Amino acid sequence: MKLIIAIVSRDDAGPVTRALTRAGFGSTRLATTGGFLRAENGTVLVGVDEERVQDAVEVIKAEAHARQQTVPAGLGLGYDYYPTAPVEVTVGGATIFVVDIERFERV
Ligand code: 2BA
């Protein structure tokens with residue numbers, strides 16, 4: 001058993017979880033905040049048998065889209081870095097981690 005942790009844009013979190021449900025995967029959506037932009041994003045947890053990991057990742061990929069996001073001038077980004085002009089960064093489609101699950105139970 002594996003746990004997929006997929007960080008997606010807030011706007012994509014709903015479509016991702018709906019598509020996972022349609023494809024027969026259980027999922028949980030958490031409201032999270034990115035450390036760099038400090039903007040709300042979404043984290044989707046999917047517990048899945050090892051042989052279905054790639055199928056679930058493909059579903060997530062199909063629904064999670066890359067976006068350009070602007071970091072406003074003057075926003076403190078850590079390390080004493082305060083950009084003096086707006087900075088464009090590409091966010092997503094999805095940041096995906098796949099981790100081993102030692103034990104899975106529904107009680
Ligand atoms: P944020 O931390 O808000 O990062 C948003 C975007 O800002 C990143 O998009 C990347 O394009 C840029 N960025 C992040 N850190 C940067 C830095 N030190 N210098 C310059 N640009 C930087 P993505 O890479 O697609 O990441 C989207 C979100 O995924 C992140 O939002 C964060 O919530 C999560 N994430 C990304 N890498 C992670 C990691 N190694 N561990 C945990 N969460 C991660």
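Now for a description of the structure that goes with this document. On a predicted model such as this, the values are computed, not experimentally measured, just so you know.

1. Some points on the overall build of the protein
Here's step 1: Along the protein, the regular secondary structure elements total two helices and six strands.
Here's step 2: The N-to-C order of helical and strand elements in the protein reads β-α-β-β-α-β-β-β.
Here's step 3: Considered along the principal axes of its C-alpha atoms, the protein spans approximately 50 × 25 × 20 Å.
Here's step 4: Across the 107 residues in the protein, those meeting the buried criterion constitute 31%.
Here's step 5: Long-range contacts, defined as pairs at least 24 residues apart, comprise 64% of the intrachain contacts of the protein with a sequence gap of at least 6.
Here's step 6: Considering the protein, the positive charge centre built from 11 side chains and the negative charge centre built from 14 side chains are found 5 Å apart.

2. Structural notes on the site of the ligand
Here's step 1: Every residue near the ligand is listed here: Ile 7, Gly 34, Gly 35, Phe 36, Leu 37, Asn 41, Val 89, Thr 90, Val 91, Gly 92, Thr 95 and Phe 97.
Here's step 2: Phe 36 has a polar backbone atom sitting 2.8 Å from an oxygen atom of the ligand.
Here's step 3: At 2.7 Å, a backbone N or O of Thr 90 approaches an oxygen atom of the ligand.
Here's step 4: Here the ligand loses 53% of its free accessible area of 760 Å² to cover by the protein chains.
Here's step 5: Put simply, the parts of the chain that give the shell around the ligand at least two residues each are strand 5 (87-91) and strand 6 (94-100).
Here's step 6: By residue class, the composition of the shell around the ligand is six nonpolar, six polar and no charged.

3. What about the sheet that holds strand 3 (residues 40-48)?
Here's step 1: On the basis of which strands lie adjacent, the open sheet formed by four strands has the order 2-3-1-6 and antiparallel pairing. Looking at the sheet topology across the chains shown, the edges are occupied by strand 2 (28-33) and strand 6. Taken over all neighbouring pairs, the strand axes of this sheet differ in orientation by 20 degrees on average, direction set aside.
Here's step 2: Sheet topology places strand 1 (residues 2-9) next to strand 6; seven bridges connect them, and they run antiparallel. Looking at strand 6, one finds that Ile 4 is bridged to Val 98.

4. Section: the environment of Asp 11
Here's step 1: Within the secondary structure, Asp 11 is located in helix 1 (residues 10-22).
Here's step 2: You can call Asp 11 exposed: its relative accessible area is 51%.
Here's step 3: Sequence-wise, Asp 11 and Thr 95 are 84 residues apart; in three dimensions their C-alpha atoms are separated by 15 Å.

How each quantity is defined
- Residues numbered from 1 in each chain as written.
- Predicted model: local features only at pLDDT ≥ 70, side-chain atom pairs only at ≥ 80, totals over all residues.
- Heavy atoms only, no water.
- Helix = DSSP H or I, 4+ residues; strand = E, 2+ residues; numbered from the N terminus.
- Buried < 20%, exposed > 50% of the residue type's maximum accessible area, 1.4 Å probe, protein only.
- Contact = heavy atoms within 4.5 Å.
- Lys, Arg positive; Asp, Glu negative; His and termini not counted.
- Charge placed at Lys NZ, Arg CZ, Asp CG, Glu CD.
- Near = heavy atom within 4 Å.
- Polar contact = N/O pair within 3.5 Å; in protein donor to acceptor, adjacent residues only side chain to side chain.
- Areas by Shrake-Rupley, 256 points an atom, 1.4 Å probe, with all protein chains shown as cover.
- Nonpolar A, V, L, I, M, F, W, Y, C, P; charged D, E, K, R; others polar.
- Pairing = 2+ DSSP bridges.
- Axes fitted to C-alpha atoms, helices over the stretch in contact; angles between N-to-C directions.

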